2 protein chains.
Amino acid sequence: MNVECHNIIDNQMSVFSVLNQEEKELLKKNSTCTYYKKNDIIYKEGDKPNGLICLSKGKVKIFKEGVGGREQIVRMAKPVGFIGYRALFAEQNYLASAEAIEDSVICTIEKETLFSILKTNYELSLSIIRSLASELGFSNNRTVTLTQKHIRGRLAESLLFLKDTYGLEADESTIKVYLSREDIANLSNMTTSNAIRTLSTFASEKIISLDGRKIKILDFKGLERISELG
Amino acid sequence: MNVECHNIIDNQMSVFSVLNQEEKELLKKNSTCTYYKKNDIIYKEGDKPNGLICLSKGKVKIFKEGVGGREQIVRMAKPVGFIGYRALFAEQNYLASAEAIEDSVICTIEKETLFSILKTNYELSLSIIRSLASELGFSNNRTVTLTQKHIRGRLAESLLFLKDTYGLEADESTIKVYLSREDIANLSNMTTSNAIRTLSTFASEKIISLDGRKIKILDFKGLERISELG
DNA sequence: TGTAAAATATGTTAAAAAACATACAAATTT
DNA sequence: AAATTTGTATGTTTTTTAACATATTTTACA
């Protein structure tokens, strides 16, 4: 009854498109589907991965607990995308936690099955290598921007990042994800107060407009300029 | 005449140990050896990778230019280790630069040859996946510590990181790498002034002792405490 | 070997961001 | 519907860190 899993594995756009029918059937037989409510934890820092988790529906934040329990969001996942594969492939326990920020559906592909297919399928290995290498580039980039940019620059970058990740509503300006001010702060390496304050400033400068958790980008160029300036 | 390359490929401890003799010979035939003086640039942000670079001798820093040209060191390489493989496998141009901080020898394995061997050798793919996944974990960790820890915590962490990476001299306390105060600052996300000042403070607290660029760790537990506290 | 340049050191000031305080609104629970 | 909790908003204070200034030492090299 795990239709969601089947859909992902059969998806022509997914990394599994390089597999033959037999391999796909094997994956389907060894995967399970799980449903999560908004704010549900999918896994926690320290947990042991037991498979490749694929986000089929919903949105998920990946975060680490830092100094004094302060949360830093290191990644935002969208369908169809993988979660927690870093720990799985590094053969480590999770170094970050995953939490659904919307009702979500995940499909977990059993570890041994995945590795057995990986053994014979060069294309799949290569696409995993590419994914990890891209994400490492992204992470290194973020290390620099989060440490070097000032508050306005960091917030502007986060808003552009959210836009790039989740896209815009039909109005071509509302960012298609609804985060709490606290999550925006944890994504941008600042306190909640400063996230709220800086969002208000951006709104007063007509760069964005705010309506609860809805954020409309009014001046893309302006936002990019602030992000680049630091 | 590229003996250095041959040594690396034949090394029982390297990732190439999983290759058969034929594959090793192919790699040797398609690799070149290059010598760098201290402060020589090996590659620059934006350059196109043309092979897998292996550091055979010496020490190399990998850094990114941030806001206003401010440098952030994202990795320190030691022999025998790979450099610039992220960009190679992501099929991107380099997102960081590499500079020798000591006289160094590198061995470059030609790209096409490497990929052809990768195609047939599952073990090699897997070890690359593991490396990338580990480094991604490290990078995410650093994002959090560099943004959340205070100056003392960041510097303490950097000193411990340098110790873990390059080890200690025979005296069991001198860190086996000699960096400028500027490099230490660029590794720890602080200004040179603050690196100098904080090093002096640590020295006055008898946590470390300084002799030019030689740094002796006198109180390991103390340093760890400062690092963990933030 | 003298001189310029680079690196190190340290004090002072200015700016940035966190911490704190408080108020209010909205959502949830009872 | 009242009470409580949670999230948002904004002003003030304090801390942290960068920026600046200047001196001294070391290194490079002509």
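First things first, this report covers the structure right here in the doc.

Conventions and cut-offs
Numbers given for residues are sequential positions, taken from 1 along each chain in its written order. A letter from A marks each chain and a number from 1 marks each ligand, given out in the order of writing. The predicted nature of this model means local features are confined to residues of pLDDT at least 70 and side-chain atom pairs, given and counted, to a pLDDT of 80 or more, with totals for whole chains, interfaces and linings taken over all residues. To obtain the side-chain values, all non-hydrogen atoms of the structure were used and water was disregarded. Nearness of a residue to a molecule or strand requires only that one of the residue's heavy atoms be within 4 Å of it. We call two N or O atoms a polar contact when they sit within 3.5 Å, provided that within protein one can donate a hydrogen and the other can accept it, with sequence-adjacent residues counted only if both atoms are side-chain atoms. Secondary structure elements are taken from DSSP: a helix is a run of H or I of four residues or more, a strand is a run of E of two residues or more, and numbering for both begins at the N terminus. All amino acids are sorted into three groups, where Ala, Val, Leu, Ile, Met, Phe, Trp, Tyr, Cys and Pro are nonpolar, Asp, Glu, Lys and Arg are charged, and the leftover types, Gly among them, are polar. In this description, strands pair whenever DSSP reports at least two bridges between them. Axis definition: a line fitted to C-alpha atoms, limited for helices to the stretch in contact. Angles are taken between N-to-C directions and run from 0 to 180 degrees. Two residues qualify as a contact provided that any one of their heavy atoms is within 4.5 Å of a heavy atom in the partner residue. Stacked, edge-to-face and tilted labels apply to pairs of Phe, Tyr and Trp rings (six-membered ring for Trp) whose centres lie within 6.5 Å, assigned for plane angles under 30 degrees, over 60, and everything in between, in that order. Throughout this description, the term charge over a ring refers to an Arg CZ or Lys NZ atom that lies within 6 Å of the ring centre and within 35 degrees of the ring normal. In the cavity and pocket records, a cavity denotes points on a 1 Å grid over the protein atoms alone where a 1.4 Å probe fits but cannot get out, a pocket denotes an open set with protein on both sides within 12 Å along at least 5 of 7 lines, and lining residues are residues with an atom within 4 Å of a point. Grid points are joined across faces, edges and corners, and a volume is the space filled by probe spheres set on the points. Buried area: the sum, over both parts, of the accessible surface (1.4 Å probe) that disappears when the two are put together. The rule for a salt bridge is simple: a side-chain nitrogen of Lys or Arg has to be within 4 Å of a carboxyl oxygen of Asp or Glu.

Brief notes about the protein's contact with DNA strand D
- Taken together, 16 residues surround DNA strand D, and among them R181(A), R197(A), S200(A), I151(B) and N194(B) come closest.
- Protein-adjacent atoms of DNA strand D, using a 4 Å cutoff, are sugar or phosphate at a proportion of 65%.
- Measuring from a base nitrogen of DNA strand D, one finds a side-chain N or O atom of R197(A) at 3.0 Å.
- Among the elements that line the surface near DNA strand D, the one with the most residues is helix α8 (residues 192-204) of chain A, at four residues.
- Within the surface near DNA strand D, the residues separate by chemical class into three nonpolar, eight polar and five charged.

Details of the sheet that holds strand β7 (residues 97-100) of chain A
- Strand order in this open sheet of four strands is β2-β7-β4-β5 (chain A), and the pairing throughout is antiparallel. On the outer flanks of this sheet lie β2 (41-43) and β5 (71-77) of chain A, each paired with one strand and no other. Going from strand to strand, the sheet's axes swing by 30 degrees on average, the running direction of each strand aside.
- As defined by bridge partners, strand β4 (residues 60-65) of chain A adjoins β5(A) across six bridges and the pair is classed as antiparallel. Along β5(A), the bridge assignment pairs K61(A) with M76(A).
- Against the sheet, helix α7 (residues 181-188) of chain A engages β4 and β5 of chain A, with an angle of about 95 degrees to β5(A).
- Docked against the sheet, helix α5 (residues 122-148) of chain B engages β4 and β5 of chain A, running at close to 140 degrees with respect to β5(A).

Some details on the packing of aromatic side chains
All names here are of chain A.
- Evaluation of the coordinates by the stated rule reveals eight aromatic pairs over all chains.
- Positioned above the aromatic ring of F63, the side-chain terminus of K61 is 5.2 Å from the ring centre.
- Positioned over the ring face of F161 is R142, at 5.7 Å from the centre of the ring.

Quick look at the layout of surface pockets
- Taken as a whole, the largest pocket spans an internal volume of roughly 1,000 Å³.
- Lining the largest pocket are 36 residues, and of these R75(B), M76(B), F138(B), F161(B) and T165(B) sit closest to its centre.
- For the lining of the largest pocket, the secondary-structure elements that each account for two or more residues are β5 (71-77), β6 (81-83), α3 (85-90), α5, α6 (151-166) and α9 (220-229) of chain B.
- At 11 residues, the largest contribution of residues to the lining of the largest pocket is made by α5(B).
- Here the residues of the lining of the largest pocket sort into 17 nonpolar, 10 polar and nine charged.
- By volume, the second largest pocket is sized at about 530 Å³.
- In this structure, the second largest pocket is lined by 23 residues; those nearest its centre are R75(A), G81(A), F82(A), Y85(A) and E135(A).
- At the level of elements, β5, β6 (81-83), α3 (85-90), α5 (122-148) and α6 (151-166) of chain A are the ones that each hand at least two residues to the lining of the second largest pocket.
- Top element by residues in the lining of the second largest pocket is α5(A). It accounts for seven residues.

Examining the interface of chain A and chain B
- Contact residues are listed per partner, giving 40 residues for chain A and 40 residues for chain B.
- Surface buried jointly by chain A and chain B totals about 3,800 Å² across both partners, of which 67% is contributed by carbon and sulfur atoms.
- The tally of links between chain A and chain B comes to two salt bridges.
- We note a salt bridge from E91(A) to R130(B), for which the minimum N-O separation is 3.0 Å.
- Run the count over chain A and chain B and you get 14 residue pairs in polar contact (both at pLDDT 80 or more).
- Secondary-structure elements contributing two or more residues to the side of chain A that touches chain B are β5, α3, α4 (111-120) and α5 of chain A.
- With 20 residues, α5(A) is the largest single contributor of residues to the side of chain A that touches chain B.
- When its residues are assigned to classes, the side of chain A that touches chain B shows 17 nonpolar, 14 polar and nine charged.

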